[in-house]
Amino acid sequence: MSLATAAPADSWRPGRGKVGMACLIAMESFFFAGFIIAYLFYIGKGATGPWPREVLEVKPVLVNSAALIASSFTVIASVKALGRGHLAAMRWWLALTILLGAWFIWGTWVEWRGLIWEHGLTLRTNLFGTTFYSLVGFHAFHVIVGLLALSTILGLGVMGRLRPARDTLRFELVSWYWHFVDVVWVFVFTTVYIVGLRP
Amino acid sequence: MSTLHAQPESVARQGLMERLHGWAITVDHKRLGIMYILSGLVFFVVAGLEATAMRMQLIRPLNDFLTPQGFNQMFTMHGTTMVFLVGMPVLLGFGNFLIPLMIGARDMAFPRLNAFGFWLFLFGGALLYFSWLGGDGLYGAGGAPDVGWFAYSPLTSKTFSRGNSTDYWILGIMVSGFGSMTTAINFLATILCMRCPGMTLMRLPLMAWMMLVVAVLVITAIPVLTAAQVMLLLDRSLGAHFFDPQQEGSAVLWQHLFWFFGHPEVYILILPAFGFLSEIVPVFSRKVIFGYPLMVAATVAIAFISLGVWVHHMFVVGLPPWMNALFAASTFLISVPTGIKIFNWLGTMWGGRIRFETPMLFCTGFLAMFLIGGLTGIMLAVVPFTTQLSDSYFVVGHFHYVLFGGTVFGIFAAIFYWYPKATGRMLDERLGKWAFWILLIGFNVVFLPMHFSGLLGMPRRIYTYQPDRGWEIWNLITTLGVPIQILGVALIVWNMVRSLGKGRVAGDDPWDAWTLEWATSSPPPEWNFDRIPTVTSARPLWDRKNPHDPDEEQP
């Protein structure tokens, strides 16, 4: 007895995996919207420094952002390679994706290390610290979750457990999540490093 | 199929522990739906007892039945429980039970995720109630949360809310919120992807349409509440300053974030009840629902507008007048699609051969009571009116007419209507009618006087009052209505327990209804349908019963 019914031509019926992942992404977007609104609400407010323009450096973040955005394209290449059955290419593109994502996390660590130990800015220092670490931190947390998911897929690929016909859609859905993490970063970057640093 | 039919006999031979184990590990949408509804009803009784304690305290001026802090805990737990642990699980439980049956599917799109969501909800509820024991924390201050169900800042800061009670409020609601979100994913994926052949979106039962829209609202609104609660948790646990006025943090931001969730939440609680009415009223009027496409359009419009009305909860905060005016206008606007729905149900009843059995009685009661709540809602959308009556008992009366006279009456209608499908037995009709009239009278005795005490200036959330304000008589009447309501609810509970063994055997289709859940046996087999049905109109069972006169599709 199969749970699946053949989709007749009478009505539009999307795949349940796609709908499920789209819903998850929508929920995550509204979650981040809350933190972005809080950040925008509090720009320029706060009783004490340090202030964003004293401590934030845009240039290294731009480089990290480029790495994260590039990883969106490499993951597309990896999904396409799996779809065509080129498992070796799929593994290399995926490894590159993970490397670029890890670079981004490393960049965040370097930035935070400077902020915490050189400028003494923590979550509890002032409103800027509160909103900055929570917004950027939740994004970094999502990148790490994405990296764990991608690494799992890479592990399965290395063990030779991936079947293009069965797994391409699944991999594509995970890649949707990765694109989402990327798009959120565009909004976070705009909020923190462009709007937040405006004179 | 022969092996499948052998299953129920083996179930019957199981012992109690095995049967309980079967419920604990189930991923069957029907069992999960029933568990949602039953645990919701248990919390309903608990929240009712909390309300009773409050009414005992307010029966006369300067009473000392409860301490001030105990009173604060009662209204906080009552509100939080009713919204998050009664309204949402019972309504989502009906969605769980009914959606696959109504759309001709064998289960939800993600059955295991469904079970996960239920257990998250129950764990969240347990966490909230554990605060009675664990809320004291290291400070020895606390107990149950006492900050109100909307937990306004800075009352929730570590300074004013010592101990762990507020943390339990945050975590309990957050965890059960995760459960609601997984359910919303499931509803959307199931309704969009699992419909049986021929079930186009415009042939979808209206209940399923409402649940689809509710799922969209859950996905939009709950994550914002989660974000706000995470901020509060960071404030309380890690010393962040989101809502800390000493560091120029803003109490108003909490209100914006909370009510951005809070007002769609009201529609999350009422739209499923609209869905129940849209199924029950046509069947008991023996007519097709009046204006199906308009009903769908009105639901979508309500959901859309409900995301832009939240500031009407904040008219006395001191926001700029243009903002108040804008949100007053959007609030007036949302009454238009809601009014359309009321006229559609009336239009369905108009000229129909109405059978006033208990489900229909509750639906009729819903229409009248919800109308009153809707009209006082329009009054409260007027900014100067709210300036006078914000946070008064008038508001308490208003939202109880919407949520009790509306949602809870809708839930009781649904219980009487679908109990035969879930159990195979009919609820007792005579007990049901008694329960309805007692509840209707008790409800009005309790909540109508609140409008008057509110107009006379009695604020909500005060634990006692002076004898010279002219509020005594209204408070006395309100409290005297409580035992009437308790009797009504007790009759329904008794009816549900008694009919399980003694009720008349229902058969597949006791109401002569038209949607697919009545095409399978009562209770339905685990796989719902032996053969996946094919439908050609919005009333598949009408077509089957009247092959000479099938529903015509509107072009």
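Being a predicted model, the structure only gives us computed values, none of them experimental. (Residues numbered from 1 in each chain as written. Chains lettered and ligands numbered in written order. Predicted model: local features only at pLDDT ≥ 70, side-chain atom pairs only at ≥ 80, totals over all residues.)

Each helix and strand in chain B was counted, giving 17 helices and zero strands. Rg of the C-alpha trace for chain B: 24 Å, near the compact-globule value of 24 Å for 555 residues, within the 12% margin. By the burial criterion, 54% of the 555 residues in chain B qualify as buried. Sequence-distant contacts in chain B: of pairs separated by 6 or more residues, those separated by 24 or more amount to 81%. (Helix = DSSP H or I, 4+ residues; strand = E, 2+ residues; numbered from the N terminus. Rg over C-alpha atoms; globule rule 2.2 N^0.38 Å. Buried ≥ 20, exposed ≤ 12 C-beta atoms within 10 Å, placed from the backbone. Contact = placed C-beta atoms within 7 Å.)

Assigned secondary structure in chain A consists of six helices and zero strands. Ordered by position from N to C terminus, the α and β elements of chain A give α-α-α-α-α-α. Here the C-alpha coordinates of chain A stretch approximately 65 × 40 × 25 Å along the principal axes. Going through the 199 residues of chain A one by one, you find that 34% of them count as buried. Within chain A, contacts between residues at least 6 apart in sequence are counted, and of these 85% link residues at least 24 apart.

Next up on the list: unusual backbone geometry. In this model, Gly-49 of chain A is joined to Pro-50 of chain A through a cis peptide bond whose omega is 0°. One can find Pro-50 of chain A in the loop between helix H1 (16-42) and helix H2 (52-55). For the peptide bond that leads from Ser-153 of chain B to Pro-154 of chain B, omega is 0°, which places it in the cis range. Within the secondary structure, Pro-154 of chain B sits in the loop between helix H6 (111-134) and helix H7 (165-193).

Next up on the list: the interface of chain B and chain A. One frequent convention defines the size of an interface as the accessible area lost when the parts assemble. On the side of chain A, 32 residues touch chain B, which itself brings 40 residues to the contact. Those elements giving two or more residues to the side of chain B that touches chain A turn out to be H7, helix H8 (206-238) and helix H9 (251-285) of chain B. Per-element tally for the side of chain B that touches chain A: the top contributor is H8 of chain B, with ten residues. Across the side of chain B that touches chain A, the residue classes break down as 27 nonpolar, nine polar and four charged. (Nonpolar A, V, L, I, M, F, W, Y, C, P; charged D, E, K, R; others polar.)

Our focus in this paragraph is the packing of helix H4 (residues 87-118) of chain A against helix H5 (residues 127-158) of chain A. Residue and element names in this part refer to chain A. Contact geometry for H4 and H5: axes closest at 10 Å, N-to-C directions at 155°. Considering their axes alone, H4 and H5 lie roughly antiparallel with respect to each other. Relative to H5, H4 is oriented so that their crossing is left-handed. Contact residues: H4 offers Leu-87, Met-90, Arg-91, Leu-94, Ala-95, Thr-97, Ile-98, Gly-101, Ala-102, Phe-104, Ile-105 and Thr-108, while H5 offers Val-136, Ala-140, Val-143, Ile-144, Gly-146, Leu-147, Leu-150, Ser-151, Ile-153, Leu-154, Gly-157 and Val-158. Counted by class, the contact of H4 with H5 contains 17 nonpolar, six polar and one charged residues. (Axes fitted to C-alpha atoms, helices over the stretch in contact; angles between N-to-C directions. Parallel < 35°, antiparallel > 145°, perpendicular 65-115°, else oblique. Left-handed = near helix turned anticlockwise from the far one by under 90°.)

Turning our eyes to something else, we now look at the nonpolar core. All names here are of chain B. One finds Leu-188 and Ala-413 to be the most contacted residues of the largest nonpolar core, which totals 206 residues. A per-element tally of this core places H8 first, with 23 residues. Here Ala-413 is in contact with Phe-276, Ile-280, Pro-359, Phe-362, Cys-363 and Phe-366, once residues within four sequence places are set aside. (Core = buried A, V, L, I, M, F, W, Y, C linked by C-beta atoms within 7 Å.)

Another aspect to go through is helix H5 (residues 68-102) of chain B. Residue and element names in this part refer to chain B. Given a rise of 1.5 Å per residue, 35 residues ought to cover 51 Å, and the 49 Å separating the end C-alpha atoms of H5 matches this to within 8%. Along its length, H5 reaches its greatest deviation from straightness, about 35°, at Thr-81. The buried count for H5 comes to 31 of 35 residues, which makes it a mostly enclosed element. At the C-terminal side of H5, Gly-104 shows a positive phi close to 75°. (Expected span 1.5 Å × (residues − 1). Bend = angle between axes of the 7 residues up to and from the residue.)

As for its position among the elements, Ala-38 of chain A is in helix H1. Of the residues examined, Ala-38 of chain A has 25 C-beta atoms within 10 Å and is grouped as buried. The sequence separation of Ala-38 of chain A and Tyr-177 of chain A amounts to 139 residues, and the corresponding C-alpha distance is 24 Å. With residues up to four places along the chain from it excluded, the contact list for Ala-38 of chain A reads Thr-131 of chain A together with Met-231, Phe-242 and Leu-253 of chain B.

With that out of the way, let us pick up the environment of Val-505 of chain B. Residue and element names in this part refer to chain B. Mapped onto the elements of the fold, Val-505 is located in the loop between helix H16 (472-502) and helix H17 (540-545). Expressed as a C-alpha distance, the spacing of Val-505 and Phe-447, which sit 58 residues apart in the sequence, is 37 Å. Among residues more than four places away in sequence, those in contact with Val-505 are Gly-424 and Arg-425.

This part covers the confidence of the model for chain A. For chain A, per-residue confidence averages 93 on the pLDDT scale, and residues scoring 70 or more make up 95% of the total. For the stretch residues 1-8 of chain A, pLDDT sits under 50, and the model shows eight contacts to residues farther than four places along the chain or on other chains. (pLDDT = per-residue confidence, 0-100.)

With that settled, consider the confidence of the model for chain B. Residues and elements named next belong to chain B. Looking at chain B as a whole, the pLDDT averages 93, with 96% of positions reaching at least 70. Here residues 1-7 is modelled with pLDDT under 50, and outside its nearest four sequence neighbours on either side it reaches three contacts, counting other chains as well. Both scores are given for the predicted complex: the pTM is 0.94, the ipTM 0.94.

Interaxial distance between H1 of chain A and H7 of chain B falls to 9 Å at its minimum, and their mutual angle equals 145°. The interaxial crossing formed by H1 of chain A with H7 of chain B has right-handed handedness. Contacts between H1 of chain A and H7 of chain B pair Arg-16, Val-19, Gly-20, Cys-23, Leu-24 and Met-27 of chain A from the former with Met-181, Ala-184, Ile-185, Leu-188, Ala-189, Leu-192 and Cys-193 of chain B from the latter.

Residue and element names in this part refer to chain B. Mapped onto the fold, Phe-529 is located in the loop between H16 and H17. Residue Phe-529 is classed as partly exposed on the basis of its 18 C-beta neighbours within 10 Å. Residues Phe-529 and Cys-193, 336 residues apart in the sequence, show an inter-C-alpha distance of 17 Å. The contact partners of Phe-529, leaving out residues within four places of it in the chain, are Gly-104, Arg-106 and Thr-520.

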